[in-house]
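# Descriptive analysis of the structure
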Amino acid sequence: MNEQTVTAYPTREEVAYALTAGGVLKTGWLDAYVRVPRQAFLPDTIWPFDMATGRTVHVSRTEDAQAWRGHANADVPIVTQWDDGEHAGRAPGRLSTSSASMPSVVFRMLDDLTVDDYCRVLEIGTGTGWNAALLAHKVGEKNVVSVEVDEAVANRARDALAHFFGAPVDVIHGDGRAGAPGRGVFDRVIATCGVREIPYAWVEQTRPGGVIVAPWGTGFTNADAVLRLTVDAEGKSASGRFTGPVEFMKLRAHRSAPIDHEAYASGSLSAPEVTASNAARALSATDRFSPLTFALGLRVPACTYIAAEKVRGAQPHWFYSRSDHSWACALVEDGEPTVRVWQRGSRRLWDEVEGAYAWWVERGRPGWERFGVMVRGEGERVWVDEVGEWA
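A brief structural summary. These figures come from a predicted structure and were not determined experimentally.

Rules used throughout
- Residues numbered from 1 in each chain as written.
- Predicted model: local features only at pLDDT ≥ 70, side-chain atom pairs only at ≥ 80, totals over all residues.
- Heavy atoms only, no water.
- 1 Å grid on protein atoms, 1.4 Å probe; cavity = no way out; pocket = protein on both sides within 12 Å on 5 of 7 lines; lining within 4 Å.
- Points joined across faces, edges and corners; volume = space filled by probe spheres on them.
- Nonpolar A, V, L, I, M, F, W, Y, C, P; charged D, E, K, R; others polar.
- Phe/Tyr/Trp six-rings, centres within 6.5 Å; stacked < 30°, edge-to-face > 60°.
- Helix = DSSP H or I, 4+ residues; strand = E, 2+ residues; numbered from the N terminus.
- Buried < 20%, exposed > 50% of the residue type's maximum accessible area, 1.4 Å probe, protein only.
- Axes fitted to C-alpha atoms, helices over the stretch in contact; angles between N-to-C directions.
- Parallel < 35°, antiparallel > 145°, perpendicular 65-115°, else oblique.
- Left-handed = near helix turned anticlockwise from the far one by under 90°.
- Contact = heavy atoms within 4.5 Å.
- Expected span 1.5 Å × (residues − 1).
- Arc of directions from axis to C-beta.
- Polar contact = N/O pair within 3.5 Å; in protein donor to acceptor, adjacent residues only side chain to side chain.
- Disulfide = S-S within 2.5 Å.
- Pairing = 2+ DSSP bridges.

Empty space among the atoms can be located by rolling a probe the size of a water molecule over them. A full pass over the atoms with the stated rule returns 2 cavities of 30 Å³ or more. Volume-wise, the largest cavity comes out at about 110 Å³. As for the largest cavity, its lining consists of 13 residues, and the residues nearest its centre are Thr-221, Ala-223, Asp-224, Thr-293 and Phe-294. If you add up the space inside the second largest cavity, you get close to 50 Å³. What lines the second largest cavity is Arg-12, Tyr-33, Val-36, Pro-37, Arg-38, Ala-72, Asn-73, Pro-103 and Trp-130. Of the residues in the lining of the second largest cavity, the class split is 6 nonpolar, 1 polar and 2 charged.

The next thing to look at is the packing of aromatic side chains. Applying the stated criterion across every chain, the model contains 18 aromatic pairs. For the ring pair Phe-220 and Tyr-305, a centre distance of 5.5 Å and an interplane angle of 20° mean the geometry is stacked. One end of the pair, Phe-220, is in the loop between strand 10 (206–216) and strand 11 (224–231); the other, Tyr-305, is in strand 14 (residues 303–307), with 85 residues separating them in the sequence. Neither residue differs from the other here; Phe-220 and Tyr-305 are each classed as buried.

Describing two packed helices takes the angle between their axes plus the distance from one axis to the other. The interhelical angle for the contact between helix 2 (residues 12–21) and helix 3 (residues 27–35), taken along N-to-C directions, is 165°, at an axis separation of 11 Å. Taken together, helix 2 and helix 3 sit at an angle that is classed as roughly antiparallel. Judged by the twist between their axes, the crossing of helix 2 over helix 3 is right-handed. Between helix 2 and helix 3, the contacting residues are Arg-12, Val-15, Ala-16, Leu-19 and Thr-20 on the first element and Leu-30, Tyr-33 and Val-34 on the second. Among the residues making up the contact of helix 2 with helix 3, the classes are represented as 6 nonpolar, 1 polar and 1 charged.

Turning our eyes to something else, we now look at helix 7 (residues 151–165). An α-helical turn contains 3.6 residues, so any two residues separated by three or four positions project in the same direction. The end-to-end C-alpha distance of helix 7, which contains 15 residues, comes to 21 Å, matching closely the 21 Å that a straight helix rising 1.5 Å per residue would cover. Listed in full, the buried residues belonging to helix 7 are Val-153, Ala-154, Ala-157, Ala-160 and Leu-161. Viewed along the axis of helix 7, the buried residues span an arc of 135°, placing them on a single side of the element. Exposed side chains of helix 7 directed beyond 90 degrees from the buried face belong to Ala-152, Asp-159 and His-163. Of the surrounding secondary structure, the elements contacted by the buried residues of helix 7 are strand 4 (78–82), strand 5 (96–100), helix 6 (130–139), strand 7 (144–148) and strand 8 (170–173). The backbone nitrogen of Ala-152 has a side-chain oxygen 3.0 Å away, supplied by the residue at the start of helix 7, namely Asp-150. Just downstream of helix 7 lies Gly-166, where phi reads positive at about 75°.

Taken as a whole, this structure holds 0 disulfides when the rule is applied. Free cysteine Cys-329: the closest other cysteine sulfur is in Cys-303, separated by 12 Å.

Moving on: the sheet that holds strand 7. If you trace the 9 strands from one edge of the open sheet to the other, you get 8-7-6-9-10-11-12-18-19, paired in mixed fashion. Pairing within the sheet leaves two strands with one partner each, and these edge strands are strand 8 and strand 19 (379–384). For this sheet, the mean angle separating the axes of adjacent strands, direction not counted, is 20°. Pairing analysis gives 6 bridges linking strand 10 to strand 11, with the strands arranged antiparallel. Across the sheet, the residue bridging to Ala-214 is Leu-227, located in strand 11. Packed on one face of the sheet, helix 6 meets strand 6 (121–124), strand 7 and strand 9 (186–191) and runs near 170° to strand 7. Packing of helix 7 onto the sheet brings it into contact with strand 7 and strand 8, and relative to strand 8 it is tilted by some 170°.

What follows is the structure in structure tokens.
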């Protein structure tokens, strides 16, 4: 390997400086970052996201130890399992199913958790074990319980944690929706997987005044937002706000089935509606972490949105109902003052999207920080600005 390739990777010290300067790595977690390296919990074969190429790449420690260490130290997400362990080969699989999150996201969520020394912490989604190790360094390995749905992933993380600390961290193979029954009450709960609702078992297993942090989303897109909840004085409910956008692999029970486009939009298209739509123009100008798509997901339930690639200045925006086979498509073309819209089925999905967009605009285009969630035994509701003003 030539010197140019070797020096292309940032050192852990350079990453730490960047995270600290960016306000992500706070003083309370700096010692954990220094003493608990992510590479100690990574397998020999990894698929990091390469920022230079914008692609997920295969890296083997036995083939290129320098590249492996470089990616392990970098502020990038790293896939460690594809297709629930059924994947083989060097190319990426169909679905990433276990990973090591990028350090900037890890420490932002740990900061949201506000962990005190000797807190008891429940983690949902062990993955490589690195996040559990950071927590164990902070609060003590006996105070961390982690739940992992994949047995092979759980076993590997358990071994890595035991090797690192010289003592076992309690890693449970099980469904994270149930929390950790029989392990007592926790001061903090953190999920390292995206959820579509907060399981009430997590509230029941958190002490009054305790905190729950989880990536939460609607299924409208694959994006999530970090939700920080505080359990009430009676331990019966939890409420709190979102702190910012993220994207996580989903809790297995909360995964959405892939969209089969042909099952929706088969057959010939009828004549489109022609409209001057601010909603469609706004969608064309957003990215996947936009507060607009977050708000639309709240107001247009059981719907998946996919923005197709722009071709020759024309971009289709597709909406698929998850409750039936209703669908809509809005075609936005550069330089055209109007938008062509098709919709079919018992749900008029584009009409729902237009109504949701108007609702968002009327409230001053709220971002994540103005939304929150109330979780009770009978379910959860999303609010905007204050509890009681339901979204």
